[in-house]
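Observations on the model geometry
So the chains spell out like this:
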Number of protein chains: 2
Amino acid sequence: MESTVRRTARATVRRLPERGKYDRAVIDAILDEALICHLGFVADGSPFVIPTLHGRDGNTVYVHGSAASHVLRALSLGAQACLTVTLVDGLVLARSAFHHSINYRSVMLFGVARLVTDSEEKMRALEAVSEHVIPGRWAEVRQPNAKELKATSVLALPIDEASAKVRTGPPKDDEPDYEFPVWAGVLPLGLSMGEPLPDSVLPRDTPVPEYVRRYSRGK
Amino acid sequence: MESTVRRTARATVRRLPERGKYDRAVIDAILDEALICHLGFVADGSPFVIPTLHGRDGNTVYVHGSAASHVLRALSLGAQACLTVTLVDGLVLARSAFHHSINYRSVMLFGVARLVTDSEEKMRALEAVSEHVIPGRWAEVRQPNAKELKATSVLALPIDEASAKVRTGPPKDDEPDYEFPVWAGVLPLGLSMGEPLPDSVLPRDTPVPEYVRRYSRGK
């Protein structure tokens, strides 16, 4: 049986519902490919949208930050959160201005964040975020010590109430516009990697790890 | 005199305040380079974070959507909004897990959105969004007709209460960790463009416009 999420009212795609997806496999793949998320919450009656790194471990998305952060404090007090990730795959160039669009894959995940207090889960969560950002790095670097763990807060959001929204393919124009004399199609967009820049004080013969040289996102 | 924004409590960068920027030139450049924004608002007590396209015209950021969208309806009724854009410039790979970071440029813009009702402003706003996404396209395509304009809602957010946050440069490690035997530095990330994919029904001899072939973002 295919695993799906709870399709609550707020997690249901209302505009262009045919673009809505509720399969966990689709949702997880988008969460995993997106490098950063935008985390929304309400504090003092005002919405905040904060870009941050995330990582997934099974049914949970983790975000981390300074224990001194008012963002993480607000969220750990049981505030509702909306975590959104978006991958832009291309510009969709139609004949009419109206039908221009983008190809994208996004996920919106709703829920109440839980402050991770168990030190083993906290360490696993930090590893999940690190492996999400750059797989292979965690095992090679100096691990967090007790002081650093204390200075770091981790929040957990279950993948329960969520939806994905996906647009793919060419432009869809109104029938009469197909005669309009303009180029139409898709300009694919993606993530590019530059040449790794070694830290200026790094010993010259330090090899660039394979996981840095061959960095890519998605499968 | 340098133009700056209003530095209210919510628009002030509290974590790592040295990364906060309040110059309009910095804020505008980030807003202009970022292809999409994430728009946050509260509806029925729940935060929502919606990815959408935006465009800037002077002191105003415009977003557009279907007139039938509950998002735009909620926002046009005077709800507070937070519009965030984020550019990821690189992975910052330190010797310790703790000091890993990313190089980024982000803007958070707060305020109450105004529904654009004047038809001239609406058309200018749609052009601003189109020119933001792909400069040069607007003049070549079939312009919006009365029915399409009616089906489209446009919201305006003044660039007034805002901040940018910027991290650049190499990793900063704790002194003893500089001996740790691991590669350290920055992996630059950016946006890549693929080969333009013509719509399958496009006449074969339709030239790919210069603004598509040479698409790039930022200056």
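Being a predicted model, the structure only gives us computed values, none of them experimental.

Our focus in this paragraph is the overall build of chain A. For chain A, the count of helices and strands is five helices and 11 strands. Principal-axis analysis of the C-alpha atoms gives chain A an extent of 65 × 50 × 40 Å. The buried share among the 219 residues of chain A stands at 39%. Long-range pairs, those at least 24 residues apart, make up 73% of the contacts in chain A between residues at least 6 apart in sequence.

We now examine the pairing of strand β2 (residues 36-43) of chain B. Every regular strand shows the same layout, with side chains that alternate between the two sheet faces. All names here are of chain B. Counting buried positions along β2 gives six out of eight residues, so the element sits mostly inside the fold. With eight bridges connecting them, β2 and strand β3 (residues 46-57) associate as antiparallel partners. Considered in β3, the bridge of F41 is made with F48. Between β2 and the antiparallel strand that follows it, β3, lie two residues; D44 among them carries a positive phi value of about 50 degrees. Summarising the sheet, β2 and strand β5 (residues 80-93) pair through four bridges and their orientation is antiparallel. Bridge pairing in β5 links G40 to C82.

This next bit is on the environment of D44 of chain A. Mapped onto the fold, D44 of chain A is located in the loop between β2 (36-43) and β3 (46-57). Linking D44 of chain A and Q80 of chain A, residues 36 residues apart in sequence, is a C-alpha distance of 13 Å.

Taking 1.5 Å of rise per residue, 15 residues should cover 21 Å, and helix α3 (residues 119-133) of chain B covers 21 Å from first to last C-alpha, within 8% of that figure. For α3 of chain B, every residue scored as buried is listed here: K122, A125, L126, A128, V129, S130, H132 and V133 of chain B. Contact partners of the buried residues in α3 of chain B: β5 (80-93) of chain A together with α1 (24-33), β3, β4 (60-66), α4 (146-151) and β8 (152-158) of chain B.

Here we take up the interface of chain B and chain A. Tallying the contact residues gives 79 residues for chain B and 79 residues for chain A. Examining the composition of the side of chain B that touches chain A, we find that nine residues originate from one element, strand β10 (residues 185-193) of chain B, more than from any other. The residue makeup of the side of chain B that touches chain A, split by class, is 49 nonpolar, 20 polar and 10 charged. Sheet analysis places strand β10 (residues 185-193) of chain A next to β10 of chain B, joined by five bridges and oriented antiparallel. Its bridge partner being in β10 of chain B, G190 of chain A is matched across the sheet by S192 of chain B.

In terms of backbone geometry, most residues other than glycine have negative phi values and most peptide bonds are trans. If you check the backbone angles, L16 of chain A has positive phi at about 50 degrees while not being a glycine. By the secondary structure assignment, L16 of chain A is in the segment before β1 (20-21).

Moving on to the relation of the copies chain B and chain A. When chain B is brought onto chain A, the operation consists of a screw motion whose angular component is 180 degrees and whose axial shift is 0.0 Å, with 0.0 Å RMSD remaining. Both copies are brought into coincidence by an operation consistent with a two-fold rotation axis. A high fraction, 100%, of the interface residues of chain B reappear at the interface in chain A, so the copies pair face to face through one surface.

Predicted confidence across chain A gives a mean pLDDT of 94, with 99% of residues reaching 70 or more. The complex prediction reports pTM at 0.96, with the ipTM value standing at 0.95.

With respect to the secondary-structure elements, P209 of chain A resides in the loop between β11 (197-198) and α5 (210-213). For the pair formed by P209 of chain A and P196 of chain A, sequence separation is 13 residues and the distance between their alpha carbons is 10.0 Å.

Residue and element names in this part refer to chain B. Within the span of α1, buried status applies to I27, I30 and L31. In an axial view of α1, the angular spread of the buried residues amounts to 100 degrees, which keeps them on one side of the axis. In the core, the buried residues of α1 are packed alongside β3, β4, β5, β6 (101-112) and β9 (161-167).

As a further point, take the environment of Y215 of chain B. Secondary-structure assignment places Y215 of chain B in the segment after α5 (210-213). Measuring from C-alpha to C-alpha, the distance between Y215 of chain B and A113 of chain B comes to 30 Å, with 102 residues separating the pair along the chain. Excluding anything up to four places from it in sequence, Y215 of chain B contacts L187 of chain A together with I134 and M193 of chain B.

What counts as what
Residues numbered from 1 in each chain as written. Chains lettered and ligands numbered in written order. Predicted model: local features only at pLDDT ≥ 70, side-chain atom pairs only at ≥ 80, totals over all residues. Helix = DSSP H or I, 4+ residues; strand = E, 2+ residues; numbered from the N terminus. Buried ≥ 20, exposed ≤ 12 C-beta atoms within 10 Å, placed from the backbone. Contact = placed C-beta atoms within 7 Å. Pairing = 2+ DSSP bridges. Expected span 1.5 Å × (residues − 1). Nonpolar A, V, L, I, M, F, W, Y, C, P; charged D, E, K, R; others polar. Least-squares fit on C-alpha atoms with pLDDT ≥ 70 in both. pLDDT = per-residue confidence, 0-100. Arc of directions from axis to C-beta.

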